[in-house]
Structures are given as C-alpha cells and as structure tokens.
Amino acid sequence: MDSSQHPDALEFPSQHKTALNPYLPSRKVSGSSDDKPFITLTYAASLDSRIAAAPGQRTLLSGAESKAMTHFLRSQHDAILVGAGTAAADDPGLNCRLRGAGGYGGRELEMQPRPIVVDPRGRWAFTQSSRLFSLVKERRGRAPFIVAAVDCLSTRKRDILSAHGGKCIIVPKSSRDDDAVRMAWRDIFRALKSEGIKSVMVEGGGDVINTLLDPADRMLIDSVIVTIAPTWLGQEGVAISPRRDGGDNELRLNNVMWLTLGQDAVLCGHPKKES
Ligand SMILES: NC(=O)c1ccc[n+]([C@@H]2O[C@H](COP(=O)([O-])OP(=O)(O)OC[C@H]3O[C@@H](n4cnc5c(N)ncnc54)[C@H](OP(=O)(O)O)[C@@H]3O)[C@@H](O)[C@H]2O)c1
C-alpha cells in the first residue's frame, strides 16, 4: 500500500497552516545563538482548564480538526516533550500522522519529531510492544530520548531503547528543590540543544505545563497554542493553574489569535516577556 493512503493519515487545511505560522519556529532558528531550542507550549484543555478527567487518565478532549492541528504542529518541531506521568498513563505514540510525513507518504522519517520523555528516575515502564516502539518498528516515528537525573534504566529497558535508536540523556538534579528529583528546565533544554534539537513542542501533562509556566521558568517559552474544548471535566481533573509569584508580573499572552477548528477554539499567543 502507498503509505500516503495509510488509514491513520491526517489532513490539515493550508489556510490554517498559514494562520499558525507566526507561532511556529522559523527557519532562522537553525542559526540561533540561543542556548535553548525554540519552545512551543501546547495542550488541550476543558472550559475549567483541566487536561484530563483524573490524574493518570487519558481523556479525549479535542475534536478531529484540532487533533489534525496537533499533528501539523508536530511536523514543524524537531522534538515533542512529555513528562513521565503522561508516558506512564497514555502509552503515547508521539509521532506525526500528517499526510506527507515519513510513514504517511513522506520519505524516510521526514517531519517525524523526536519524542522526549522527562523521566528523572525511570518510572516509565515501557516494553518492546509499547505504542511508541511499535511505530518505530513500522518506520512511522523516531525512538525516544529519555531525560533522567541519574543513570536509572534497567538493562532490559536500556537494550530496548538502544535497539530502536533511542538513548538516555542525563541532566543533573537541580538544587532548587530538595524534596523531589527535579531537573531545571533551562538545563533540560540546554541538553536538548546540544543534541542538535532546535525546536521542542511541549505537550504535557499537568506537572510539566504548570512548572514550565512557573514565574521562574516561563521566560523559556516562546509560543503558546492551547486548544479549548467545549466541555467541563470537573474538580477531580488535572488542572492547568501555575503558581503566581505574588509580584506585579502578570502571566499574559501578546499577539493573540483565536482560530475555530470544528467545535474547538484554539488560542495562540506569545508570552509577554518581562522587562
Ligand atoms: N490534554 C492534553 O493536552 C494532555 C497532554 C498530555 C498529557 N495529558 C494528561 O496529563 C496527565 C499526566 O499529567 P501529570 O501531571 O500526571 O504528569 P506529567 O506532567 O506528564 O509528568 C510529570 C512527571 O514528569 C517528571 N518531570 C516533569 N518535569 C520534571 C522536571 N523538571 N524535573 C524532573 N522530573 C520532571 C516527574 O516524574 P517523577 O514523578 O517520576 O519524578 C513528574 O512527576 C495524564 O492524564 C495525561 O493523559 C493531557
């Protein structure tokens, strides 16, 4: 079968691609002297700012049109990043199913982003048959890079990772938080840049998004794209509601654009940089 006819291949209209362009990493990024990649923060939330109905529960929020947008956004970034909680809960594929991407009509692995899983202590219990590795075997996605704070992978997991072309990147624990195994976002992004990754789409979940939006780290974000689904998930859900620093620094977006995709609203903006 011609891989462009794969039943999972998705289309995204060109007028929406053009509208999203100002919020995407540009080609100029390749020559950037910045020590971090271009960072796009993107997620789908309910009307009460929940991204899942309960912790660790995979929850379908976005409609078909905004799902296709997510795959277009993936095609525009070198890497997609999720936390260990999402990897453990969702068994995610983390590939790009846009028609024309590698495995869906494109050559080799073109437009396929590198999955990054932030898993400081090896909590993600992947196996050969995890969805992500099945897609790698079918040549429809790349193997993951796992960002850990210590060399914590079992021999079995290390073998699976290296057999598929993935690897583990060690980023030292940050000194900012002594209670948990935390790595500083700046250090994580710097490590990814030194791997040649120039743009990262951060997809979730709740802990990743809330900590990246923390006053101490939000200046690392270059662009925000949030899909808002017309539903409420309730108080048990995983909320996006970052810490405020109590000062005057308002967390706000500039250059805002709203798109309607099917039943969903998509909000795009650039974080207001503090002076
Ligand atoms: N609607 C959406 O767009 C969307 C997208 C993605 C996920 N989700 C949902 O979100 C839920 C998962 O969210 P979650 O908050 O439980 O998990 P998460 O944010 O995916 O992962 C959190 C974990 O990742 C590790 N981590 C993240 N940042 C770190 C850092 N800077 N340093 C060290 N470790 C770090 C920690 O692992 P340890 O705990 O091992 O220390 C942390 O507990 C799932 O229900 C999933 O379906 C929704």
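Before reading further, recall that the structure is shown in the block above.
No experiment lies behind these values; they were computed from the predicted model shown. (Residues numbered from 1 in each chain as written. Predicted model: local features only at pLDDT ≥ 70, side-chain atom pairs only at ≥ 80, totals over all residues. Heavy atoms only, no water.)

Participant: Just to check I follow, could you spell out the overall build of the protein for this structure?
Facilitator: Within the protein, the secondary structure is distributed over seven helices and 11 strands. In terms of overall dimensions, the protein is globule-like: its C-alpha atoms have a radius of gyration of 18 Å, near the 19 Å expected for 275 residues. Seen through its principal axes, the protein has C-alpha atoms that stretch 55 × 45 × 45 Å. Nonlocal contacts in the protein, meaning residues at least 24 apart in sequence, comprise 73% of its contacts between residues at least 6 apart. Within the structure as shown, the protein displays about 13200 Å² of accessible surface, and the carbon and sulfur contribution to it stands at 47%. A gap of 3 Å separates the mean positions of the 36 positive and 32 negative side-chain charges of the protein. (Helix = DSSP H or I, 4+ residues; strand = E, 2+ residues; numbered from the N terminus. Rg over C-alpha atoms; globule rule 2.2 N^0.38 Å. Contact = heavy atoms within 4.5 Å. Areas by Shrake-Rupley, 256 points an atom, 1.4 Å probe, with all protein chains shown as cover. Lys, Arg positive; Asp, Glu negative; His and termini not counted. Charge placed at Lys NZ, Arg CZ, Asp CG, Glu CD.)

Participant: Please clarify how the sheet that holds strand β10 (residues 253–261) should be interpreted in this entry.
Facilitator: Backbone hydrogen bonds hold the strands of a sheet together, and the pairing may be parallel or antiparallel. Strand order in the open sheet formed by nine strands is β6-β5-β4-β3-β7-β1-β8-β11-β10, and the pairing between neighbours is mixed. Lying at the two open borders of the sheet, with one neighbouring strand each, are β6 (167–170) and β10. For this sheet, the mean inter-axis angle between neighbouring strands, taken without regard to orientation, is 20°. Sheet analysis places strand β4 (residues 114–118) next to strand β5 (residues 145–148), joined by three bridges and oriented parallel. Counted as the bridge partner of valine 118 is valine 147 from β5. Packed onto the sheet, helix α2 (residues 64–75) meets β1 (38–45), β3 (79–83), β7 (199–204), β8 (223–228), β10 and β11 (264–271) and runs at close to 145° relative to β7. (Pairing = 2+ DSSP bridges. Axes fitted to C-alpha atoms, helices over the stretch in contact; angles between N-to-C directions.)

Participant: Mind showing me how you'd approach the packing of aromatic side chains here?
Facilitator: To describe a pair of aromatic rings, you give the distance between the ring centres and the angle between the ring planes. Using the criterion set out here, one finds five aromatic pairs in the structure. Ring geometry for tryptophan 124 and phenylalanine 133: centres 6.2 Å apart, planes at 20°, overall stacked. What makes tryptophan 124 buried here is its relative accessible area of 4%. Owing to a relative accessible area of 0%, phenylalanine 133 belongs among the buried residues under this scheme. A ring pair is formed by phenylalanine 126 and phenylalanine 133, whose centres lie 5.1 Å apart and whose planes are at 40°; its orientation type is tilted. One aromatic cluster is present, formed by Trp124, Phe126 and Phe133 through successive ring pairs. Lying over the aromatic face of tyrosine 104, arginine 140 brings its terminal NZ or CZ to 5.2 Å of the ring centre. Sitting over the face of the ring of phenylalanine 145, lysine 167 holds its NZ or CZ atom 5.2 Å from the ring centroid. (Phe/Tyr/Trp six-rings, centres within 6.5 Å; stacked < 30°, edge-to-face > 60°. Buried < 20%, exposed > 50% of the residue type's maximum accessible area, 1.4 Å probe, protein only. Lys NZ or Arg CZ within 6 Å of the ring centre and 35° of its normal.)

Participant: When you look at the site of the ligand in this model, what are you seeing that I'm missing?
Facilitator: Contacts to the ligand come from 29 residues, most closely from Ala44, Thr86, Asp90, Met183 and Asp207. Backbone polar atom of glycine 83 to an oxygen atom of the ligand: 3.5 Å apart, as the coordinates give it. Note that an oxygen atom of the ligand is positioned 2.9 Å from one of the side-chain N or O atoms of arginine 123. Burial of the ligand by the protein chains amounts to 88% of its free accessible area of 930 Å². Residue assignment for the shell around the ligand shows that the elements contributing at least two residues are β1, β2 (50–52), α3 (84–90), α6 (185–194), β7 and α7 (206–212). The biggest single contributor to the shell around the ligand is α3, with four residues. Taken together, the residues of the shell around the ligand break down into 14 nonpolar, eight polar and seven charged. (Near = heavy atom within 4 Å. Polar contact = N/O pair within 3.5 Å; in protein donor to acceptor, adjacent residues only side chain to side chain. Nonpolar A, V, L, I, M, F, W, Y, C, P; charged D, E, K, R; others polar.)

Participant: So what exactly am I meant to see when it comes to the environment of proline 271 here?
Facilitator: Here proline 271 lies in strand β11. Once the C-alpha coordinates of proline 271 and aspartate 222 are considered, the two residues, 49 residues apart in sequence, prove to be 6.7 Å apart. Not counting residues up to four positions away in its chain, the partners in contact with proline 271 are Ile221, Asp222, Ser223, Val224, Arg252 and Leu253.

Note that every value here comes from positions in space, so none of it alone points to a role or purpose.
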